[in-house]
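# Secondary and tertiary structure notes
Here is how the chains run, residue by residue.
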Amino acid sequence: QVQLVESGGGLAQPGGSLRLSCAASGSINSINAMGWYRQAPGKQRELVTIMTSGGSTNYADSVKGRFTISRDNAKNTVYLQMNSLKPEDTAVYYCYGDFGGLILGGEYWGQGTQVTVSS
């Protein structure tokens, strides 16, 4: 009953930029946190960045200084601005949401969007 839809993935050159968007829809009573994870082929899913309802953020060491998470509460949308992209950023990126609610609350995932960084 809650859907997360990512967009903005694609191909970028090393040093380039992409912006990912994740729009949440459905019955959402509250948002505890939203963020982004990624999974490269053959590797475990890892946290990229997370933002709490209060606006606090944290980032994986590998993306600090290059990636920025932001949100538009009016649109129930979270963004990931990715700058200075590196080939090792290549992965499927998944939007993550932790939503409050007696019945529907819990963790939700988007379908994933491919990011490929290659010259």
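Owing to the predicted nature of the structure, the values given are computational and were not obtained by experimental measurement. (Residues numbered from 1 in each chain as written. Predicted model: local features only at pLDDT ≥ 70, side-chain atom pairs only at ≥ 80, totals over all residues. Heavy atoms only, no water.)

### A word on the sheet that holds strand β3 (residues 18-26)
Within the open sheet, the four strands sit side by side as β1-β3-β8-β7. Their pairing is antiparallel. At either margin of the open sheet sits one strand with a lone partner, and together these are β1 (2-7) and β7 (67-72). Between one strand and the next, the sheet's axes are offset by a mean angle of 15 degrees, whatever the strand orientation. In this structure, β1 lies alongside β3, joined through six bridges in antiparallel fashion. The residue of β3 that forms the bridge with Q3 is S25. (Pairing = 2+ DSSP bridges. Helix = DSSP H or I, 4+ residues; strand = E, 2+ residues; numbered from the N terminus. Axes fitted to C-alpha atoms, helices over the stretch in contact; angles between N-to-C directions.)

### Section: the pairing of β7
Here β7 runs beside strand β8 (residues 77-82); their pairing, made up of six bridges, is antiparallel. Note on β8: the bridge partner recorded for T68 is Q81. Linking β7 back to β8 in an antiparallel pair, the connection comprises four residues, with N76 at a positive phi of about 50 degrees.

### Side note on the pattern of salt bridges
One pass over the full model with this rule turns up four salt bridges. With a closest N to O distance of 2.8 Å, R38 and E46 form a salt bridge. Judged by its relative accessible area of 5%, R38 falls in the buried class. Among the salt bridges present, the one from D89 reaches R38, with a minimum N-O distance of 3.0 Å. Here R38 lies in strand β4 (residues 30-39) and D89 lies in the loop between β8 and β9 (91-100), a separation of 51 residues in the sequence. Each member of the pair D89 and R38 is classed as buried. In the salt-bridge network here, residues are joined through shared partners; they are R38, E46, R66 and D89. (Salt bridge = Lys/Arg side-chain N within 4 Å of Asp/Glu carboxyl O. Buried < 20%, exposed > 50% of the residue type's maximum accessible area, 1.4 Å probe, protein only.)

### Details of the side chain of R66
As for its placement among the helices and strands, R66 is situated in the loop between β6 (57-59) and β7. R66 gets classed as buried once you look at its relative accessible area, which sits at 9%. With residues up to four places along the chain from it excluded, the contact list for R66 reads Q81, M82, N83, S84, L85, K86 and D89. (Contact = heavy atoms within 4.5 Å.)

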